[in-house]
Amino acid sequence: MPTAVLLDSSLSMTRPVSVEGSEEFQRKNLAVHGLTMLFEHMATNYRLEFTSLVSFSSLWEVLVPFTRDYNTLQVVLVTDGALGIGRGSLRHSLQTVKQRVEDKKFPLPFPFPSKLYVMCIANAEELQATDSMDNLEQLINLNGGEGQIYTMEGPLCLKSVQSMFGKLIDQAYSPFHAVLRCGNLTSDVQVFPRPEPVTIDEEVDPMPRTVQTDLEIVGFIEIGDISSPPVLSRHLVLPIAVNKEGDEIGTGATDDTEEETSTNQMAGKSPNFCVLLHGSLKVEGMVALVQLGPDWFGMLYSQADSKKKSNLMMSLFEPGSEPLPWLGRISQLGPASDAAENPYGEDDSKSPFPIQPKHKRSYAQNVTVWIKASGLQTDVQKILRNARKLPEKTQTFYKELNRLRKAALAFGFWELLKSMAELLERECTLLSDSAHPDAAFQLSHAAQQLKLASSGDSKYAAYEHNITPMLTDFSGGGGAHRI
Amino acid sequence: MFSVSHKTAFVVDHCPYMAESCRQLIECDMLTKSRSQGVIPLAPVSKSLWTCAIECSMEYCRILFDVYPTWKLVNYIVSDSEVHILNSWKQEDQNTHELMAALAAVGPPNPRQDPECCSVLHGLVAAVESLCKITEYQHESRTTLMDTADRVANRGRIICLTNAKSDTHVRMLEDCVLETIQEQNKRAAGSDRLMPIQQCELVLVHIYPQGEETLVSDRQKKELSSMLSSEVHSVRAGRYLASKLNVLVQQHFDLASTTITNIPMKEEQHANTSANYDVELLHHRDAHMEFIKSGDLHMAGSTSRDSGLKETVTLKWCTPRTNSVELHYCTGAYRISPVDVNSRPSSCLTNFLLNGRSVLLEQPRKSGSKVISHMLSSHGGEIFLHVLNSTRSTLEDPPSISEGCGGRVTDYRITDFGEFMRENRLTPFPDSMIDAAGRTPVERAKSQLERYTRYWPMIISQTTIFNMQAVVPLANLIVKDTLTDEDVLTCQKTVYNLVDMERKSDPLPISTVGSRGKGPKRDEQYRIMWNELETLVKAHVGTSERHQRVLECISACRSKPPEEEERKKRGRKREDKEDKTEKNGKDTEEKGWTTDSERLKGVMEREKDEQSECEIIKDSPDSPEPLNKKPRLATEEQQPPEKSKGLALPSASEGVVERNHHI
């Protein structure tokens, strides 16, 4: 989630903080100190986070803009909680929040998922003495309760501002470290952005699910088989080097300070499972199915950013036993070598995926719909067209005829069966002299069968019954035919 | 999970008055000009109220089953002098084919039946009883939740298609439903297979013939009690009823409409020309979530032509198409159902997709910029509308994997791991497929990965045996859960083959990375190779007694440990003798294998070529194609001498490294 930092630069922020000792600080200095700490943390542990800095008083200025669009956002508001007076002040704005016109809506709630963190360069007592705290709490409430207010504990000094920003870092910017495992091959990784807990709406007992720190690969699937699955979120999986004390050395990127360079070079040169996995996934065009928790899975794959750069990426599926209909239940996926016959074929020409559903969908099974007159007319014309090409089209003629018959019976549309019979009888009278003699027999036979069905007589009106072509014998040479 | 839409009971009136004509005429005799002379056209046909009700309700079910093949259940009830329940809540009963067959058996209403004993009330009572019956899904949920089973809700909807007499008649029907719910809930409280109804939506659709005044007034949804709400729709039969039910199915199941425009289609008459067509699809409305959130919902006209009042989002067909091996970032996939399933444009589109092709869809924007927002694709005969992420990603421009940990290593066994992945591909097993140890297929997959990786060096220069074709048969077998006697034999043959190679002093693909010159001497190479092979087999020795036999074979056949080698060097003569006695001792045992080793000679010749290839780097992790080999980084020059120990060959003793440096 990108972060927008809003720094209060109003006059009250220059109020001096009484510190026993030599130096005198303004609240502004404390804010800058805290933010520096936050930014330094991000630069080392959360380096891919996009951050923007805006300073405001009665006006505002974007000091560092985002370089891209956002879908979600974390907003860090740094203020001393002196809310100002009169028009345009927060106090006034909140009081008149309901009177605003459509095009001048209060900015909260934001039109995108967001978290609002308010960092007060003031302590709680100070804020509670006025209505500042209430107003700030109202801000969080307006944001749907997403966010938190942090205040300083004890005297306003560098130490307490550090401790306050430390809490924010723990809450919102702690990196997600995990172990990626494929049997006995493992790698320590950072997952970025860190996966947030997921709650499924439609659950009887909704519980937020968190990604476990042990990411276990369960097997592999071709990209064509997994077939652009829907995912909740995407994350980079960055291998990290962990030294003996368990401290992270870094992600091994090369743009570090000089003293870090040698350690990172070493990390770069020792084989890492992530790099091997990434390379093979890329070359083979496959994904690795990875378990994120009980009944929760995701996939690892190579994501190319450009021709040169590519990365190991992890996408999270919706929690549940069957996140993708075309894979079936994940717990039922097992090693292909356990199958009696290789499901991929000896020459890799087959695939067990996608799983076919038990019933075909309407568009895959030639259903009959006569809601519109044109649908009915098309079906009738289709039969007549084939009727005129008898006996060559005998099979299609009866197939279409039976389709119409079935639908008419189901819809209780017996009148149609009678009309169709009449149409076929008329076709019979319109046959030219050169017409094949079989045509006349088939037409009158079909017409008669439809009439019988339209009587509702269970012997002839059974749904599963099909009208079959009349057996005639014109090709036999004898000229005699069975009727 | 168990919302009102989990259970839908259709109650269709089958009383004599439903046999009445809807009075919309359909011309089915379309005479062509050339044939029309002297022929009297057939009188047009018209559907009965019953036929209209049936086909519209079937259309409702068709769309429902297309979009929700599971979880959303229909119970179809027909009512006249008695109740005909055409199916159950069972999942296997949820398809239009079964319903059509059952409806054919019921047939149209009999106009001569005594109207006094016929009523839709029978059906409504049956519908309430049916809503109390537990579905498979509710049952499963209650069983898994155990002590919190009471959280499983029982809600449902009754859609009643009838021809009512008056508003008073409608009220009477509503009262009857309410009373029945109260009655049935009492009964249900004491039963395992029944559940009291917590919430029921009654949707009464009054159908009357065209040209008549309606006797029943429309009424918005109204709460009749805490359990029952009711709404009344008064609709003319025919296409009005069809569009009403189309609107209802969209409301009831949170559907939305998308119209695909600009679909290029070949003309039937002129095969070389093509025209553009539109096809309207229904799907879950979440497929439009991005548009709704961004306020960018583009309405092409405020109404769609086919579905009456509902709005539709227009998306444009895009060429070129996408291929299946491309992994799109997709945030949702929703099943679709075409509004006009039988029309030529619809079936052309659906057949195109069912044949395995995918289409990207573009969102027309006022600014004229092109944004691909969706994709249509079929999986296993089902068509899905995929939502593609069209906002810019927060993961743009990340560092390349080659810049991170392990990124500078260039001799990863990319091809071998690719082979490993193919061997560990997944496949679906039937639900009952649990092995003797009670493991599910996915657990077996994990345990296979564990076995296959017990000894798996990641880089080419860390291994000798995996660069040798001759070891492949053994390496493939030893990781298996169970070995047959034949497998053991194959492993032994592999070992004997290696012995043979050693006897002939065939060169081995020992890595020379980190050392100057040619690397270790031949006998040293074999010692390294044997040690590594032993490491591999030892990792599996606990699997079974047959695995143990493979290790025993290696221990018996492999070249001697270094101390002995040293002694040999000191006294060459004695060694010859020893060798002979050893040979004699083994003679009987080995005889059978000599022919085999003869046969394997040809194989080994080929291997020699491959071995020399193995010494070149197979792949670089960063290269897009395996062929695109990068020159190996000049590690030799950069690394201080002691770093060469970092090779960590399983058997690389100090002595070996020392010797390398002297050469």
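Scroll up to find the structure this text is about.
Residues numbered from 1 in each chain as written. Chains lettered and ligands numbered in written order. Predicted model: local features only at pLDDT ≥ 70, side-chain atom pairs only at ≥ 80, totals over all residues. Heavy atoms only, no water.

Enquirer: Pulling in residues and values, what's your account of the overall build of chain A?
Expert: In terms of helices and strands, chain A carries 12 helices and 18 strands. Residues classed as buried in chain A amount to 50% of the 483 residues present. Long-range contacts, defined here as pairs at least 24 residues apart, represent 66% of the contacts in chain A between residues at least 6 apart. When the accessible surface of chain A is totalled, it reaches about 22700 Å², and 51% of it is carbon and sulfur. (Helix = DSSP H or I, 4+ residues; strand = E, 2+ residues; numbered from the N terminus. Buried < 20%, exposed > 50% of the residue type's maximum accessible area, 1.4 Å probe, protein only. Contact = heavy atoms within 4.5 Å. Areas by Shrake-Rupley, 256 points an atom, 1.4 Å probe, with all protein chains shown as cover.)

Enquirer: Give a description of the packing of helix α10 (residues 394–410) of chain A against helix α12 (residues 437–454) of chain A that names residues and reports values.
Expert: Residue and element names in this part refer to chain A. Where α10 contacts α12, the two axes come as close as 11 Å, and the packing angle between them is 15°. What the angle tells us is that α10 and α12 run roughly parallel. Considering the relative orientation of α10 and α12, their crossing is right-handed. Across the interface between the two elements, Phe397, Tyr398, Leu401, Arg405 and Leu409 from α10 touch Gln442, Leu443, His445, Ala446, Leu450 and Ala453 from α12. Of the residues that constitute the contact of α10 with α12, the class distribution is 8 nonpolar, 2 polar and 1 charged. (Axes fitted to C-alpha atoms, helices over the stretch in contact; angles between N-to-C directions. Parallel < 35°, antiparallel > 145°, perpendicular 65-115°, else oblique. Left-handed = near helix turned anticlockwise from the far one by under 90°. Nonpolar A, V, L, I, M, F, W, Y, C, P; charged D, E, K, R; others polar.)

Enquirer: Please give an account of the interface of chain B and chain A that cites residues and values.
Expert: Between chain B and chain A, the residue contacts involve 128 residues of the former and 130 residues of the latter. Surface buried jointly by chain B and chain A totals about 11600 Å² across both partners, of which 61% is contributed by carbon and sulfur atoms. Across the contact surface, chain B and chain A share 9 salt bridges. With its nearest N and O atoms 3.4 Å apart, the salt bridge here joins Glu222(A) to Arg422(B). In terms of residues, the side of chain B that touches chain A owes the most to one element, helix α1 (residues 49–67) of chain B, which gives 10 residues. Considered class by class, the residues forming the side of chain B that touches chain A number 64 nonpolar, 33 polar and 31 charged. (Buried area = accessible area lost by both parts, 1.4 Å probe. Salt bridge = Lys/Arg side-chain N within 4 Å of Asp/Glu carboxyl O.)

Enquirer: Just give me the short version of the pairing of strand β6 (residues 73–79) of chain A, but keep the residues and values in it.
Expert: Residue and element names in this part refer to chain A. Where burial is concerned, most of β6 is hidden: 7 out of the 7 residues are buried. Residues Leu73, Val75, Leu77 and Thr79 line one face of β6 and the alternating positions Gln74, Val76 and Val78 line the opposite face, and both faces are buried. Sheet topology note: the strand β1 (residues 3–8)/β6 ladder contains 5 bridges and is parallel. Note on β6: the bridge partner recorded for Thr3 is Gln74. Examined bridge by bridge, β6 and strand β7 (residues 114–123) share 7 bridges and lie parallel to one another. In the strand pairing of β7, Val76 is matched with Tyr117. (Pairing = 2+ DSSP bridges.)

The values reported here are purely geometric and, on their own, carry no functional implication.
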